[in-house]
Amino acid sequence: MAPVSREGMTHSMLLRGLASVLAGAALACGDTLVDKTYSGTPVFTVRGRVVAPSDYVDEEDAEVFLALLWSQGGPERADRLMEQPGTVYRTAFFRSFEMPLFDEPGSEHFYTTPSGARYAIGRLGGFLDVNGNGKRDASEPFGGYAQQALIRAPEALSAKDSPTGAPLRAGWHIVSTPLTCPSSNGAQPPPGPADPVADEECGVPIGAGCKKDSDCGGGVCVLNFLGEWSGGACLIPEPPPNGCRQRGSVLLRDTAPDAQTAYWIKACTVSEDCDRLHPYQCDQQIRGCRPTAENVVDINGREPPRSFCAAQAPLPPQ
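If you're wondering where the values come from, they're calculated on a predicted model, not measured in any experiment.

> I'm lost on the overall build of the chain in this one. Help?
Broken down by element type, the chain carries one helix and 18 strands. Residues counted as buried form 43% of the 318 residues belonging to the chain. Within the chain, contacts between residues at least 6 apart in sequence are counted, and of these 65% link residues at least 24 apart. Total accessible area computed for the chain in this model is approximately 16,900 Å², and 54% of it derives from carbon and sulfur atoms.

> Would you explain unusual backbone geometry in this entry?
The omega angle of the peptide bond from Glu238 to Pro239 is 0°, so this bond is cis rather than trans. Structurally, the position occupied by Pro239 is in the loop between strand E13 (228-237) and strand E14 (249-253). Here the amide bond leading from His278 into Pro279 is cis, since omega sits at 15°, within 30 degrees of zero. When you line up the elements, Pro279 lands in the loop between strand E15 (262-266) and strand E16 (281-283). One non-glycine residue, Leu226, lies in the positive phi region at around 55°. When you line up the elements, Leu226 lands in the loop between strand E12 (220-224) and E13. With a phi angle near 55°, Arg287 is a residue other than glycine that sits in the positive phi range. In this fold, Arg287 is placed in the loop between E16 and strand E17 (288-290).

> How should I be thinking about the pattern of salt bridges in this particular structure?
A side chain of one charge can pair with a side chain of the opposite charge when the charged atoms of the two come close. Scanning the entire structure with this criterion turns up eleven salt bridges. With a closest N to O distance of 3.7 Å, Glu98 and Arg47 form a salt bridge. Here Glu98 is found in strand E6 (residues 96-101), whereas its partner Arg47 is found in strand E2 (residues 44-51), with 51 residues between them in sequence. Take Glu98: its relative accessible area is 47%, and that puts it in the partly exposed class. The class of Arg47 is partly exposed, set by a relative accessible area of 34%. Asp79 serves as the salt-bridge partner of Arg77, at 2.8 Å between the closest nitrogen and oxygen. On the basis of relative accessibility, which here comes to 5%, the residue Arg77 falls in the buried class.

> Hey, could you run me through the sheet that holds E15 in this one?
Each strand in a sheet pairs with another by means of backbone hydrogen bonds, the pair being arranged parallel or else antiparallel. Read from one edge of the open sheet, four strands run E12-E13-E15-E14, paired in antiparallel fashion. Edge positions in the open sheet fall to E12 and E14, since each of these has one partner strand only. If you compare each strand with its neighbour and ignore which way they point, the axes differ by 50° on average. Pairing of E12 with E13, which is carried by four bridges, proceeds in the antiparallel orientation. Of the residues in E13, the one forming a bridge with Val220 is Leu235.

> Which parts of the structure should I look at to understand the side chain of His173?
Of note, His173 is situated in strand E11 (residues 171-175). The class of His173 is buried, set by a relative accessible area of 12%. In this structure His173 touches Ala149, Leu150, Ile151, Leu168 and Gln284, once residues within four positions along its chain are discounted.

> How do you make sense of the pairing of E6 when you look at a structure like this?
Looking down a regular strand, the side chains alternate between one sheet face and the other. The alternating pattern of E6 places Phe97, Met99 and Leu101 on a buried face and Ser96, Glu98 and Pro100 on a face that is not buried. Note that E2 and E6 share six bridges and pair antiparallel. From the neighbouring strand, Thr45 faces E6, where its bridge partner is Pro100.

> Before we go on, may I ask you to explain the pairing of E15 in this structure?
Extensive coverage of E15 is indicated by the burial of five of its five residues. Sheet topology places E14 next to E15; five bridges connect them, and they run antiparallel. Each bridged residue has a counterpart across the sheet, and for Ser249 the counterpart in E15 is Lys266.

> Is there a simple way to think about the packing of aromatic side chains in this case?
Any aromatic ring pair is given by two values, namely how distant the centres are and how the planes are angled relative to each other. Applying the stated criterion to the full structure yields eleven aromatic pairs. Measuring from ring centre to ring centre gives 6.3 Å for Trp70 and Trp172, while their planes differ by 50°; the resulting arrangement is tilted. On the criterion of sequence distance, the pair formed by Trp70 in strand E3 (residues 63-71) and Trp172 in strand E11 is long-range, its members being 102 residues apart. Look at Phe142 and Tyr145: their rings are 6.2 Å apart centre to centre, the planes differ by 40°, and that puts the pair in the tilted class. Each member of the pair Phe142 and Tyr145 is classed as buried. Over the face of the ring belonging to Phe110 we find Arg118, whose NZ or CZ atom lies 4.4 Å from the ring centre. The ring of Tyr280 is capped by Arg276, whose NZ or CZ atom sits 4.0 Å from the centre of that ring.

Cut-offs applied
Residues numbered from 1 in each chain as written. Predicted model: local features only at pLDDT ≥ 70, side-chain atom pairs only at ≥ 80, totals over all residues. Heavy atoms only, no water. Helix = DSSP H or I, 4+ residues; strand = E, 2+ residues; numbered from the N terminus. Buried < 20%, exposed > 50% of the residue type's maximum accessible area, 1.4 Å probe, protein only. Contact = heavy atoms within 4.5 Å. Areas by Shrake-Rupley, 256 points an atom, 1.4 Å probe, with all protein chains shown as cover. Salt bridge = Lys/Arg side-chain N within 4 Å of Asp/Glu carboxyl O. Pairing = 2+ DSSP bridges. Axes fitted to C-alpha atoms, helices over the stretch in contact; angles between N-to-C directions. Phe/Tyr/Trp six-rings, centres within 6.5 Å; stacked < 30°, edge-to-face > 60°. Lys NZ or Arg CZ within 6 Å of the ring centre and 35° of its normal.

This is how it looks when you write it as structure tokens:
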């Protein structure tokens, strides 16, 4: 065997060291467990973080697993969720993740509206892999779910067919909940009270990042409303102190019962309209710029999946 030069040995060792570092970095970011080989280009990537009460997390082993679940009965059946094979993903509590999806949902995951339109609606679920086999067994129930809904629309949906109550473009969408949810017979829910009209120029850089109210002209700097607003956002409260509602804004209301708080936020059609980085996006639920692109998976082992829909009459068991 020909002798290896010192330079050649050093180069080889560097390559092996670099490979080890890259492998460790990939594992640190989480990984899909069903297929450890390269699976191709993701069809979509879900980003977020997993949260839990401190008494639920094992400090010595903070590992948690996620899977993508689709509703078997459309938006009204958040209680009937089917796991998509090949989506089990390993991450850790209180750490951000980027979960790649390599396959489209199967035909069994789609819901067909009364008019014949099709879409899939689901969310992420989290569980503990107690036996360490890299998959979820029947003895390992889901302990919590994402607050956002994931929608896959193969074709554009009309307002009548869309679970958001507004037209929805073809593609993948992460949307806030609760959704408007037309009833299963195709009827739209009764309209609520009409919002005031936003048709003035108020000099507020609405939607822009901020640290304090003085950054926002006649608006306010909001850091937390229906979730955290990373980097702050200039919004206009409703009713506005000076009576001015800015053109190009939509009203975002607190959905909690008896809540009165509401803000005017930047209107949009696509996320590029928002001029903000992740987690800001054009939330298709109200066509407004919100920090809802980050899936927050709340695991506590106690609560069933929340409804996708706004309050409705109880559904019969199926």
